[in-house]
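Structural overview for review
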Amino acid sequence: MGKLSHTWSLMGASSRVLKQDKEILIFPLLSGICCLLVLASFAIPIISNESWELPEEDASTQQQILYYGTLFLFYFCNYFVIVFFNSAVIACAAIRMEGGDPTAGDGFRAALSRLGLIFGWALVSATVGLILRIIEDRSKAVGRIVAGLLGMAWTVVSFLVVPILVIERKDPISALKESTILLKKTWGEQLIGNFSFGLIFFLLNIPAIILVVLGFLSESTVILITCIILAVIYLILIALIQSALQAIFQAAVYLYAREGEAPAGFEPDLLADSMVQK
């Protein structure tokens, strides 16, 4: 409960930044729409191809290249979209926390001016994602455990990469190295535990589930459809806010780790408790 309370405080600090620049919610919205378009562009031809399936161990090289090559392209396109719009949010958040007054245009300009860096990081991320997927596919149960552990480690060491790309304009490999260095200076086991946004937003999704259940219990088609529509709108809004708050928090952690001082809107003790000195 203490960790949950602390995470709620971190969300509150991030939300205060968001309240000053609500227009940046356009970025996670566009990110979600573009990711759906990417999914559709891959899913439609795959569904129409009945032979599409995970290649067996004795599959030909051509089959494996086709399968994993397509998977790599899908990963790359998704990562590119996500990193592009997260870069825009982080750019706006950094401007606000450093005393400026950002606009959505500032976010778009920042992301567009870093297209090469975003492309490079999407390439690195897609490569890592593909390697983890191959491990999972080839080793079954053990592979899933190994891939999961490696995935968690990757998430931790790459936590500050996008803020570094955006603010310092470093290339992806240099950004990854600096992300590791900055986290070594300030992070402890508390970082991921205290910042459990996922748990809180899971709890915030429960009202939508209750709303749909009530719609079914009403035995009225009109009420059921209304409840479903309201639940979907609520879930979309929650998802947009969650994405924006997490990007804002990333920017705050980066500025704190780099400068040693809490950025505007965040109490020093709040970030210090999230990143216990080793």
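Scroll up to find the structure this text is about.
To start, this report covers the structure provided alongside it.

1. So, the overall build of the protein
- The helix and strand inventory of the protein stands at 11 helices and 0 strands.
- Helices and strands appear in the protein in the N-to-C order α-α-α-α-α-α-α-α-α-α-α.
- Across the protein, every contact between residues at least 6 apart in sequence was considered, and the portion connecting residues at least 24 apart equals 73%.

2. Focus: the environment of isoleucine 238
- Within the secondary structure, isoleucine 238 is located in helix α10 (residues 221-259).
- Separated by 37 residues in the primary sequence, isoleucine 238 and phenylalanine 201 have C-alpha atoms spaced 7.5 Å apart.

3. Some points on the pattern of salt bridges
- Across all of its chains, the model carries 6 salt bridges by this definition.
- Arginine 109 is the partner of aspartate 106 in a salt bridge, and the nearest nitrogen-oxygen pair spans 2.8 Å. Here arginine 109 and aspartate 106 lie together in helix α4 (residues 104-112), a separation of 3 residues that amounts to about one turn.
- By relative accessible area, aspartate 106 is classed as partly exposed at 23%.
- Here lysine 170 makes a salt bridge to glutamate 168, at a shortest N to O gap of 3.4 Å.
- Counted as one network, the salt bridges with shared partners bring together Asp21, Arg96 and Asp101.

4. A short note on the nonpolar core
- Core analysis: the biggest nonpolar cluster contains 55 residues, and Ile24, Phe27, Met97, Trp121, Leu160, Ile248 and Phe266 have the highest contact counts within it.
- Counting residues per element, this core draws most heavily on α10, which supplies 12 residues.

5. Observations concerning a nonpolar patch on the surface
- Nonpolar side chains collect at one region of the surface, where Leu199, Phe202, Leu203, Ile206, Ile209, Ile210, Val213, Leu214 and Leu217 lie side by side and expose about 840 Å² of accessible area between them.
- Within the secondary structure, valine 213 is located in helix α9 (residues 197-217).
- Taking the relative accessible area as the measure of exposure, valine 213 reaches 42% and is therefore partly exposed.

6. Describing the side chain of glutamate 178
- Here glutamate 178 lies in helix α7 (residues 172-186).
- On the basis of relative accessible area, glutamate 178 is assigned to the buried category, the value being 13%.
- Apart from the residues lying within four places of it in its own chain, the contact partners of glutamate 178 are Ile164, Glu168, Lys170 and Tyr254.

7. Digging into the packing of helix α2 (residues 26-48) against α4
- One way to put it is that α2 packs onto α4 with a least axis distance of 10 Å and a crossing angle of 50°. As far as their axial angle goes, α4 and α2 are oblique. Contacts between α2 and α4 involve Ile26, Phe27 and Leu30 from the former and Ala104, Gly107 and Phe108 from the latter.
- Tallied by class, the residues present in the contact of α2 with α4 amount to 5 nonpolar, 1 polar and no charged.

8. Some details on α4
- Those residues of α4 that sit buried are Ala104, Gly107, Ala110 and Ala111. Looking straight down α4, one finds its buried side chains confined to an arc of 125°; they lie on one side. Away from the buried face of α4 by more than 90 degrees, exposed residues Arg109 and Leu112 are located.

9. A short note on the packing of helix α3 (residues 61-97) against helix α6 (residues 161-168)
- Where α3 meets α6, the closest approach of the two axes is 9 Å, and the angle between their N-to-C directions is 65°. In terms of crossing hand, the pair formed by α3 and α6 is right-handed. The segment α3 lies against α6, with Val83, Ser87, Ile90, Ala91 and Ala94 engaging Val162, Pro163, Val166 and Ile167.
- Of the residues that constitute the contact of α3 with α6, the class distribution is 8 nonpolar, 1 polar and no charged.

Quick notes on the rules
- Residues numbered from 1 in each chain as written.
- Predicted model: local features only at pLDDT ≥ 70, side-chain atom pairs only at ≥ 80, totals over all residues.
- Heavy atoms only, no water.
- Helix = DSSP H or I, 4+ residues; strand = E, 2+ residues; numbered from the N terminus.
- Contact = heavy atoms within 4.5 Å.
- Salt bridge = Lys/Arg side-chain N within 4 Å of Asp/Glu carboxyl O.
- Buried < 20%, exposed > 50% of the residue type's maximum accessible area, 1.4 Å probe, protein only.
- Core = buried A, V, L, I, M, F, W, Y, C linked by side-chain atoms within 4.5 Å.
- Patch = residues over 30% accessible without salt bridge, like charges linked within 9 Å, V, L, I, M, F, W, Y side chains within 5 Å.
- Areas by Shrake-Rupley, 256 points an atom, 1.4 Å probe, with all protein chains shown as cover.
- Axes fitted to C-alpha atoms, helices over the stretch in contact; angles between N-to-C directions.
- Parallel < 35°, antiparallel > 145°, perpendicular 65-115°, else oblique.
- Nonpolar A, V, L, I, M, F, W, Y, C, P; charged D, E, K, R; others polar.
- Arc of directions from axis to C-beta.
- Left-handed = near helix turned anticlockwise from the far one by under 90°.

Remember, this is a structural readout, not a statement about activity or role.
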